[in-house]
Amino acid sequence: MALPVDSAYTDSAGRGDWPKPLKAETCELSFYYGTRLVLKRVSVPIAECNITALIGPSGCGKSTFLRCFNRMHDLYPGTRYEGAIVLYPDSRNILDRGVDPIEVRMRLAMVFQKPNPFPKSVYENVAYGLRVRGIRDRRVIDEKVEQALRSAALWEEVKDRLSALGTSLSGGQQQRLCIARALATDPELLLLDEPTSALDPIATASIEELLQDLKRRVTILIVTHNMQQAARISDWTAFMYLGELVEFGPTKRLFTTPAKKQTEDYITGRFG
Amino acid sequence: MIKRRKFFEAWFKALGLSALALAVGTLVLLFGALLIDGIGRLDWQFLTSFPSRHASQAGILPAVVGSTLVMLVTACVGIPIGVAAAIYLEEYARRTWLTELIEVTVTNLAGVPSIIFGLLALGLFVYMLGLGSSILTAGLTLALLILPVVIVTTREAIRAIPVQIREAAFALGATRWQTVADHVLPYSASGILTGIILALSRAIGETAPIVTVGALTFIAFLPPSPMTDQPPYLSFEWLMSPFTVMPIQMFAWVSRPGEDFAANAAAAGLLLVGMTLAMNGLAIYVRYRMRKRVSW
Amino acid sequence: MLLAALVSVATTVTILAVLLFESLGFFEVVSLQDFLTDTLWTPLFDDPHYGILPLLAGTIVTSVVGLLVAIPVGTVSAIYLSEFASPRMREVIKPTLELLGAVPTVVYGYFALLVVTPALQLLWPDIPGFNMLGPGIVIGIMILPLVISLSEDAMRAVPMVLREGSYAMGATHLETAWRVVVPAATSGIVAAYVLGVSRAVGETMVVAIAAGQNPNLTWNPMEPAATITAYIVQVALGDLPHGSIGYRSIFAAGLVLAVMTFAFNILGHVMRKRFREVY
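Here's what I pulled together on the structure shown here. The structure displayed is predicted, hence computed values, not measured ones.

Some points on the overall build of chain C
Of regular secondary structure, chain C possesses twelve helices and zero strands. Reading the secondary structure of chain C in the N-to-C direction produces α-α-α-α-α-α-α-α-α-α-α-α. Within chain C, the fraction of its 279 residues that count as buried is 61%. Sequence separation of 24 or more characterises 70% of the internal contacts of chain C that already satisfy a separation of 6 or more. On chain C, roughly 10,500 Å² of surface is accessible, and the fraction owed to carbon and sulfur atoms is 67%. Looking at chain C, you have 12 positive and 18 negative side-chain charges, and the mean spots of the two groups are 18 Å apart.

As structure tokens, this is what we get:
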């Protein structure tokens with residue numbers, strides 16, 4: 001598929017702000033629930049080893065957009081994608097009919113809005129992705145679990161109770177467990193759907209700190225309803241409204257000198 | 001790697017389908033067997049004759065009449081009590097140890113084997129209350145048996161009415177009973193009806209408790225008619241009459257050696273299955289229509 | 001209306017009272033020790049023995065055979081219905097299963113005696129016309145709808161976010177079902193089995209018709225034997241005088257049955273409740 005060269009990106013600063021290298025990008029991505037169009041030709045680039053934030057009022061389609069990346073919508077009947085999501089470096093359109101959603105999900109990882117640890121032990125939660133991938137070697141799994149828990153800044157807190165139920169941890173710990181679960185399989189792209197919305201400020205701060213640390217190794221795409229959070233942690237920001245991309249640009253620029261009136265109204269709190 | 005995992009998945013899907021096919025296939029097989037063995041016997045003579053020592057002359061008339069009358073008693077007793085209990089539990093009862101106790105006994109009764117109800121009836125109705133092996137005894141027994149089903153399904157139907165509806169009624173000054181009678185019951189009527197049909201369909205096929213209360217297996221007369229030609233034109237003598245019902249008649253025929261009687265049993269079974277399936281089908285249809293219509 | 005609701009309490013109390021009262025009369029004549037240890041049950045013979053073990057064995061064997069059918073078939077079906085079947089398919093299958101559960105038990109008895117047992121005799125010509133295997137299998141099919149619908153309920157109650165968590169890791173439907181949904185729903189599924197057991201133990205007409213009515217202490221499902229329920233039916237069909245020891249023996253047998261099913265029911269409901277509290 002030909003990559004869109006202009007038009008879709010409405011950055012006033014022009015091509016200078018174009019992120020690169022890219023880990024992924026969406027090209028005129030549209031999405032339907034039944035006959036209802038909820039994403040309208042959205043094109044966003046995702047810079048490698050950067051944090052890209054999606055902001056916008058609730059119902060603007062940002063979560064729907066995120067869930068397109070690992071084909072979560074395939075699980076429900078009556079949904080339809082149009083356009084493309086291209087994953088680099090192999091330039092593969094993961095929405096192609098020939099692409100198996102499971103294959104996509106094995107390359108990507110996702111953290112959900114509400115912590116959803118499985119009712120299994122902490123250890124088994126993190127090991128789950130590895131087991132699904134057919135890894136049986138106990139030593140490999142042990143090592144990966146520890147690594148992932150360390151990356152998620154949870155190791156020190158749970159190393160003595162790896163066999164405790166994942167659901168017995170506190171909210172913030174549960175969410176970090178879910179992040180560890182996502183990281184254990186070395187995903188190329190980490191999708192986060194409002195990961196801190198169910199957490200208290202302290203737990204939120206620790207997760208934000210964690211993301212800063214993680215972005216050195218993994219590309220992150222995060223949906224947040226909290227503009228301050230987007231401004232604090234992301235490198236790039238996309239502002240969506242009513243299923244459309246209004247503006248995309250470097251976070252700093254977008255928050256200081258937005259090009260679009262709608263963006264300015266939103267970030268100054270005049271609506272949304 | 002993915003291929004192998006997908007292979008397992010396809011394999012499991014086949015397994016799941018065959019498991020379901022086994023269940024559904026049994027139903028077909030069961031019906032087929034009854035049909036092949038019994039359809040030849042299912043004629044007017046069979047429906048209008050009394051039992052006989054000769055299989056080819058035997059009929060099911062007393063059993064059909066008996067089933068109808070027993071069901072009449074069951075419905076008249078079981079439905080009002082069950083629906084009233086459900087309304088009480090959903091709309092009136094506060095959480096006390098008493099309601100706890102009622103709830104526990106209802107769930108428990110739903111799981112008590114039907115033959116235990118038969119023993120209860122034998123001890124209580126037949127001997128202690130002296131009702132004997134009568135239509136009244138059988139009807140009361142089955143009424144107790146279906147009580148939990150009626151209560152549970154009625155409660156579910158009532159619970160599906162959103163609380164906003166009740167609040168709206170209360171806000172207009174309705175009393176609790178007005179709210180129940182004007183809103184809750186009418187809106188949940190088809191759900192309650194579904195439960196009643198299912199409960200009666202279960203009762204009509206019950207055999208074990210009726211055996212224990214002492215239904216006859218060979219009966220050559222009909223209960224006295226509920227209508228008389230003298231005032232007051234109604235008679236309740238039939239309530240105390242000995243009786244038999246369809247499942248008992250079928251049981252009696254199954255237990256007799258010889259293919260002729262097996263054919264009679266199959267014919268009775270066909271009638272019985274036909275009736276329960278029709279009632280269940282009706283209930284499923286009512287529920288299906290209700291689900292389509294209701295918008296909350 | 002409170003009175004109506006209290007009918008259920010009254011029924012439960014009366015059941016217990018009647019069973020206990022008549023059983024007390026029975027145990028005045030028969031010692032509890034004989035009842036629990038004697039290996040013969042011949043209350044209607046000139047030399048009466050009152051050992052519940054043969055009846056208990058018959059009940060256990062037929063129920064176990066039933067469970068061996070219902071648990072694997074039921075679990076696989078429930079997983080399929082909950083995790084794989086399209087909503088359309090579910091709408092067709094579930095009512096069909098309800099119909100399967102609504103067929104009168106006496107008809108299942110006919111089926112066991114005249115269809116299943118002859119079919120088994122094709123495989124093993126030595127099986128007698130009355131045996132426990134055929135009725136056991138039929139009991140399994142009878143409790144199948146209950147097992148399927150309760151375990152499917154349990155699986156569908158597992159929140160979607162857990163499934164999504166697993167799919168997002170690249171798991172297939174089967175892996176998600178097997179490693180996430182089933183473990184999460186375990187107590188609900190086991191509760192379904194337990195309630196199935198209770199139903200199997202109390203099943204009457206199938207065994208009364210197709211398993212024979214001779215008490216027989218054996219664990220071999222190929223042999224004929226009477227269950228507790230079949231014995232009660234057998235006595236009720238005869239004409240025993242009210243108050244005789246034979247008459248009272250069915251209440252003693254019924255008491256054993258009631259205690260067993262009460263225990264299973266309570267266990268099953270406690271497990272279901274615990275499961276509901278988690279989600």
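Having seen the structure, we can now continue with the description.
Quick notes on the interface of chain B and chain C
Contacts between the two partners involve 74 residues from chain B and, on the opposite side, 71 residues from chain C. A buried area of about 6,400 Å², summed over both sides, lies between chain B and chain C, and 81% of it is on carbon and sulfur atoms. Contact with chain C buries area across many residues of chain B, yet Phe12(B), Leu20(B) and Phe251(B) alone supply 10% of it, more than any other trio. Run the count over chain B and chain C and you get two salt bridges. Across the pair Glu175(C) and Arg5(B) runs a salt bridge, and its minimum N-O distance is 2.7 Å. Put simply, chain B and chain C have nine residue pairs in polar contact (both at pLDDT 80 or more) between them.

Examining the sheet that holds strand E10 (residues 236-241) of chain A
For sheets, the rule is that strands pair by backbone hydrogen bonds, running either parallel or antiparallel. All names here are of chain A. Taken together, the six strands give an open sheet; going across it, the order is E7-E8-E9-E4-E10-E11, and neighbouring strands pair in mixed fashion. On the outer flanks of this sheet lie strand E7 (108-111) and strand E11 (244-250), each paired with one strand and no other. Between one strand axis and the next, the sheet turns through 15° on average, direction left out of account. Across four bridges, E7 lies against strand E8 (residues 189-193) in parallel orientation. The residue of E8 that forms the bridge with Ala109 is Leu190.

Side note on the packing of aromatic side chains
Enumeration according to the criterion identifies 19 aromatic pairs over all chains in this entry. Note that Arg80(A) overlies the ring of Tyr32(A), its terminal NZ or CZ placed 4.1 Å from the centroid. Arg256(B) extends its terminal NZ or CZ atom over the ring of Phe261(B), reaching a point 4.1 Å from the ring centre.

Observations concerning the packing of helix H4 (residues 97-111) of chain B against helix H1 (residues 2-29) of chain C
For the pair H4(B) and H1(C), interaxial distance at closest approach is 9 Å and the crossing angle is 60°. Regarding the angle of H4(B) to H1(C), the classification is oblique. The hand of the H4(B)/H1(C) crossing is left-handed. The residues of H1(C) that touch H4(B), namely those facing Leu98(B), Leu101(B), Ile102(B), Thr105(B), Val106(B), Asn108(B) and Leu109(B), are Leu2(C), Ala5(C), Leu6(C), Ser8(C), Val9(C), Thr11(C), Thr12(C) and Ile15(C). In the contact of H4(B) with H1(C), the residues fall into ten nonpolar, five polar and no charged.

With respect to the nonpolar core
Judged by nonpolar contacts, the single largest core of 178 residues is most densely connected at Met250(B), Val107(C) and Tyr108(C). The two domains that each donate at least three residues to this core are domain 1 (1-41) and domain 2 (43-293) of chain B. When residues no more than four places from it in sequence are discounted, the contact partners of Val107(C) are Leu30(B), Leu34(B), Met250(B), Gly269(B), Leu272(B) and Val273(B).

Comments concerning the side chain of Arg181(A)
Looking at the secondary structure, you find Arg181(A) in helix H6 (residues 171-183). With no salt bridge to any partner, buried Arg181(A) finds its closest opposite charge in Glu164(C), at an N-O distance of 9.4 Å. Polar contacts involving the side chain of Arg181(A) include one to the side chain of Asn116(A), which spans 3.1 Å. The contact partners of Arg181(A), leaving out residues within four places of it in the chain, are Asn116(A), Pro117(A), Phe118(A), Asn125(A), Val126(A), Gly165(C) and Met169(C).

Let's talk about the interface of chain C and chain A
Listed per partner, the contact involves 20 residues of chain C and 24 residues of chain A. Looking only at chain C, the three residues that lose the most surface to chain A are Glu164(C), Met169(C) and Arg179(C), adding up to 38% of its buried area. Inspection of the chain C/chain A interface yields one salt bridge. Glu164(C) serves as the salt-bridge partner of Arg67(A), at 2.5 Å between the closest nitrogen and oxygen. Along the contact surface separating chain C from chain A lie six residue pairs in polar contact (both at pLDDT 80 or more). Of all the secondary-structure elements, those providing two or more residues to the side of chain C that touches chain A are helix H7 (160-168) and helix H8 (173-184) of chain C. With eight residues, the top contributor of residues to the side of chain C that touches chain A is H7(C). Taken together, the residues of the side of chain C that touches chain A sort by class into eleven nonpolar, six polar and three charged.

Reading the values: the criteria
Residues numbered from 1 in each chain as written. Chains lettered and ligands numbered in written order. Predicted model: local features only at pLDDT ≥ 70, side-chain atom pairs only at ≥ 80, totals over all residues. Heavy atoms only, no water. Helix = DSSP H or I, 4+ residues; strand = E, 2+ residues; numbered from the N terminus. Buried < 20%, exposed > 50% of the residue type's maximum accessible area, 1.4 Å probe, protein only. Contact = heavy atoms within 4.5 Å. Areas by Shrake-Rupley, 256 points an atom, 1.4 Å probe, with all protein chains shown as cover. Lys, Arg positive; Asp, Glu negative; His and termini not counted. Charge placed at Lys NZ, Arg CZ, Asp CG, Glu CD. Buried area = accessible area lost by both parts, 1.4 Å probe. Salt bridge = Lys/Arg side-chain N within 4 Å of Asp/Glu carboxyl O. Polar contact = N/O pair within 3.5 Å; in protein donor to acceptor, adjacent residues only side chain to side chain. Pairing = 2+ DSSP bridges. Axes fitted to C-alpha atoms, helices over the stretch in contact; angles between N-to-C directions. Phe/Tyr/Trp six-rings, centres within 6.5 Å; stacked < 30°, edge-to-face > 60°. Lys NZ or Arg CZ within 6 Å of the ring centre and 35° of its normal. Parallel < 35°, antiparallel > 145°, perpendicular 65-115°, else oblique. Left-handed = near helix turned anticlockwise from the far one by under 90°. Nonpolar A, V, L, I, M, F, W, Y, C, P; charged D, E, K, R; others polar. Core = buried A, V, L, I, M, F, W, Y, C linked by side-chain atoms within 4.5 Å. Domains from an automatic or database assignment.

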